[in-house]
There are 2 protein chains.
Amino acid sequence: MASPKGDIGRVFHALGDPTRRAIVERLSEGPISVSGLAAPFSITLTAVVQHLQILEESGLARTEKSGRVRTCRIETAGLSVLEQWIKDRRSLWERRLDRLAEILAEQEGK
Amino acid sequence: MASPKGDIGRVFHALGDPTRRAIVERLSEGPISVSGLAAPFSITLTAVVQHLQILEESGLARTEKSGRVRTCRIETAGLSVLEQWIKDRRSLWERRLDRLAEILAEQEGK
DNA sequence: TCGATTGTCAAGTGAATACTTCAGTATCAA
DNA sequence: TTGATACTGAAGTATTCACTTGACAATCGA
């Protein structure tokens, strides 16, 4: 059951890991190579590449190889999916809370 | 290293699971008992309770026991933390994109 | 009171996850 | 061309995770 690239589940899973969030954080400051990205972390290059793959699959990062250097940048798609999901949920249950308030007001009136 | 209740990592982890998202979805429609919540799922009551614990710890749900029934509701705190995180990231890298646009415009002018 | 309902607790299992190591390959610079 | 750089790929490992089972406690309704 291969999830599509914009799958909200993938985005949540990707951002559930602290190292991956730190990578996103770093990518927010601008494009960087894989080894440049790995430098501040106390994990191997391989591990960073693995995280990067997950971030790409969830639409949170984009990478491009030129020569022997792979350049990484943020991708807004993943965040947009996330934003939309939250927006939907929030409106959903704020509507419900409003309805609840109405009912309470109604009972108060009786 | 006990993470505080508003820890963004917990929120992401909690929402990374499809069953937990479905639970949140259901809770959006109104309060419900644990067994009521478990009914549509093909997993045990115990598993649902475990999910519920994770949702509570991440500030996405709230439960209260009265008699033998534990009533579950959504909690907005977790979502708020999530919203804030996204807002911060987005402004961070939109500012960066603006700066990039400026530089490009500048070079264009030369 | 007694049986059914509703939830709790402890322990175990299989799969997924975040890592590692090691052995490559491709590219660049001198 | 040669050595260093920048990554890639496969395979293994320890831990975490979602879930189960089974035994139990508390509460409610008849």
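For the structure, see preceding data.
Residues numbered from 1 in each chain as written. Chains lettered and ligands numbered in written order. Predicted model: local features only at pLDDT ≥ 70, side-chain atom pairs only at ≥ 80, totals over all residues. Heavy atoms only, no water.

A.B. asks: Tell me about the overall build of chain A, and please be specific about residues and values.
C.D. replies: For chain A, the helix and strand inventory stands at five helices and three strands. Ordered by position in the sequence, the α and β elements of chain A form the string α-α-β-α-α-β-β-α. The proportion of buried residues among the 110 residues of chain A is 35%. Across chain A, contacts joining residues at least 24 apart in sequence account for 50% of those joining residues at least 6 apart. A total of about 6,400 Å² of accessible surface is found on chain A, and carbon and sulfur atoms cover 51% of it. (Helix = DSSP H or I, 4+ residues; strand = E, 2+ residues; numbered from the N terminus. Buried < 20%, exposed > 50% of the residue type's maximum accessible area, 1.4 Å probe, protein only. Contact = heavy atoms within 4.5 Å. Areas by Shrake-Rupley, 256 points an atom, 1.4 Å probe, with all protein chains shown as cover.)

A.B. asks: Run through the protein's contact with DNA strand C, naming residues and quoting values.
C.D. replies: Contacts to DNA strand C come from 24 residues, most closely from Thr44(A), Gln50(A), His51(A), Ser35(B) and Arg68(B). By atom count, sugar and phosphate contribute 67% of the portion of DNA strand C lying within 4 Å of the protein. Contact between DNA strand C and Arg70(B): a phosphate oxygen at 2.9 Å from a side-chain N or O atom of the residue. At the level of secondary structure, the elements contributing two or more residues to the surface near DNA strand C comprise α2 (18–28) and α4 (45–57) of chain A together with α3 (34–38), α4 (45–57) and β3 (69–74) of chain B. (Near = heavy atom within 4 Å. Polar contact = N/O pair within 3.5 Å; in protein donor to acceptor, adjacent residues only side chain to side chain.)

A.B. asks: Describe the interface of chain A and chain B, and please don't skip the residues or the numbers.
C.D. replies: In this assembly, 27 residues from chain A lie in contact with 27 residues from chain B. At the boundary of chain A with chain B, total buried surface from both sides reaches about 2,600 Å², with 69% on carbon and sulfur atoms. Three residues stand out in chain A for area buried against chain B, namely Phe12(A), Arg90(A) and Trp93(A), and they jointly supply 24% of the buried area on that side. On inspection of chain A and its partner chain B, the count reaches four salt bridges. (Buried area = accessible area lost by both parts, 1.4 Å probe. Salt bridge = Lys/Arg side-chain N within 4 Å of Asp/Glu carboxyl O.)

A.B. asks: How would you explain the packing of aromatic side chains if you had to name every residue and give the values?
C.D. replies: The description of an aromatic ring pair uses the distance of the two centres, along with the angle that the planes make with each other. Residues and elements named next belong to chain A. Enumeration over the complete set of coordinates arrives at three aromatic pairs over all chains. Here phenylalanine 12 and tryptophan 85 contribute two aromatic rings whose centre-to-centre distance is 5.1 Å and whose plane-to-plane angle is 80 degrees, an arrangement assigned as edge-to-face. Within this pair, whereas phenylalanine 12 is found in helix α1 (residues 8–15), its partner tryptophan 85 is found in helix α5 (residues 76–109), the two being separated by 73 residues in sequence. As far as the burial class goes, phenylalanine 12 and tryptophan 85 line up, both buried. (Phe/Tyr/Trp six-rings, centres within 6.5 Å; stacked < 30°, edge-to-face > 60°.)

A.B. asks: Before we move on, can you summarise the relation of the copies chain A and chain B with the specific residues and values?
C.D. replies: With an axial shift of 0.0 Å and an RMSD of 0.1 Å, the rotation relating chain A to chain B amounts to 180 degrees. Taken together, these values place the two copies in the relation of a two-fold axis. Ranked by how close their C-alpha atoms come to the rotation axis, the residues of chain A are headed by Phe12(A), at 2.6 Å. (Least-squares fit on C-alpha atoms with pLDDT ≥ 70 in both.)

A.B. asks: With reference to specific residues and values, describe the sheet that holds strand β1 (residues 32–33) of chain B.
C.D. replies: Residue and element names in this part refer to chain B. Judged by pairing direction, the sheet is antiparallel, and its three strands sit side by side in the order β1-β3-β2 without closing on themselves. In this open sheet, the two strands that pair with only one neighbour each are β1 and β2 (61–66). Of the strand pairs in this sheet, β2 and β3 are connected by six bridges, and their pairing is antiparallel. From the neighbouring strand, threonine 63 faces β3, where its bridge partner is cysteine 72. Set on the sheet, helix α2 (residues 18–28) makes contact with β1, β2 and β3; between it and β3 the angle comes to about 90 degrees. Each of β2 and β3 is contacted by α4, which is oriented at about 120 degrees to β2, the strand it contacts most. (Pairing = 2+ DSSP bridges. Axes fitted to C-alpha atoms, helices over the stretch in contact; angles between N-to-C directions.)

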